[in-house]
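Here is what each chain is made of, one letter per residue.
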Amino acid sequence: MKKIPTVSIGMFVRNDEKRIIKAIETILNQTFGDFELIISDNASTDSTEKICRDYENKDSRIRYFRQNKDIGGTCNGVFVYRQAIGEFFMWAPSHYS
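Residues numbered from 1 in each chain as written. Predicted model: local features only at pLDDT ≥ 70, side-chain atom pairs only at ≥ 80, totals over all residues. Heavy atoms only, no water.

### So, helix H2 (residues 48-58)
Within H2, the full set of buried residues consists of Thr48, Ile51, Cys52 and Tyr55. For H2, the arc enclosing every buried residue in end-on projection is 95°, short of the 170-degree limit, so these residues lie on one face. Of the residues in H2, the exposed ones pointing more than 90 degrees away from the buried face are Lys50 and Asn57. Summarising the contacts, the buried residues of H2 are in contact with strand S1 (7-13), helix H1 (20-28), strand S2 (35-41) and strand S3 (62-66). (Buried < 20%, exposed > 50% of the residue type's maximum accessible area, 1.4 Å probe, protein only. Helix = DSSP H or I, 4+ residues; strand = E, 2+ residues; numbered from the N terminus. Arc of directions from axis to C-beta. Contact = heavy atoms within 4.5 Å.)

Pasting the structure below:
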């Protein structure tokens, strides 16, 4: 049985291959490690899926979901929130400037 994380971090994304790596790395490099990162990909047509799946395979704290069709940003955000199992929840952008 998987331990319930203290924090669930939600990230929804669509076609953000140029910035998603930095966003994921920023989260993974925090000193606080008791979290899950939930990523929902809203049917990206670029390499976002491959990038996210590679990270999911490397780090068990990442849970990646891919929507089969574009469900819109709001529905994708709601989907992410409903996947959370942590005691606390926070949003993280899929891009950092």
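Still more ground to cover, so stick around.
### Here's the deal with the packing of aromatic side chains
Counted under the stated rule, the structure contains four aromatic pairs. Ring geometry for Phe12 versus Trp91: centroids 5.5 Å apart, planes at 85°, classification edge-to-face. Placement of the pair is Phe12 in strand S1 and Trp91 in strand S4 (residues 88-91), with a sequence separation of 79 residues. According to the relative accessible area criterion, Trp91 is partly exposed, its value standing at 42%. With 4.8 Å between their ring centres and 85° between their planes, Phe89 and Trp91 make a pair best called edge-to-face. Note on Phe89: relative accessible area 25%, which makes it partly exposed. Feature note: the residues Phe12, Tyr81, Phe89 and Trp91 constitute an aromatic cluster, connected by ring pairs. (Phe/Tyr/Trp six-rings, centres within 6.5 Å; stacked < 30°, edge-to-face > 60°.)

### Here we look at H1
Along H1, the residues classified as buried are Ile20, Ala23, Ile24, Ile27 and Leu28. Along H1, the residues classed as buried sweep out an arc of 130° about the axis, all on the same side. Tucked into the core, H1 has its buried residues touching S1, S2, H2 and S3.

### Digging into the pattern of salt bridges
Applying the stated criterion to the full structure yields nine salt bridges. Of the charged contacts, one joins Asp41 and Arg66 as a salt bridge, the two residues approaching to 3.2 Å between their closest N and O atoms. Here Arg66 lies in strand S3 and Asp41 lies in strand S2, a separation of 25 residues in the sequence. Judged by its relative accessible area of 0%, Asp41 is buried. Take Arg66: its relative accessible area is 29%, and that puts it in the partly exposed class. In this structure, Asp54 and Lys50 form a salt bridge, with 2.8 Å as the shortest nitrogen-oxygen distance. One end of the pair, Asp54, and the other, Lys50, are both in helix H2, four residues apart, so they sit about a helical turn from each other. (Salt bridge = Lys/Arg side-chain N within 4 Å of Asp/Glu carboxyl O.)

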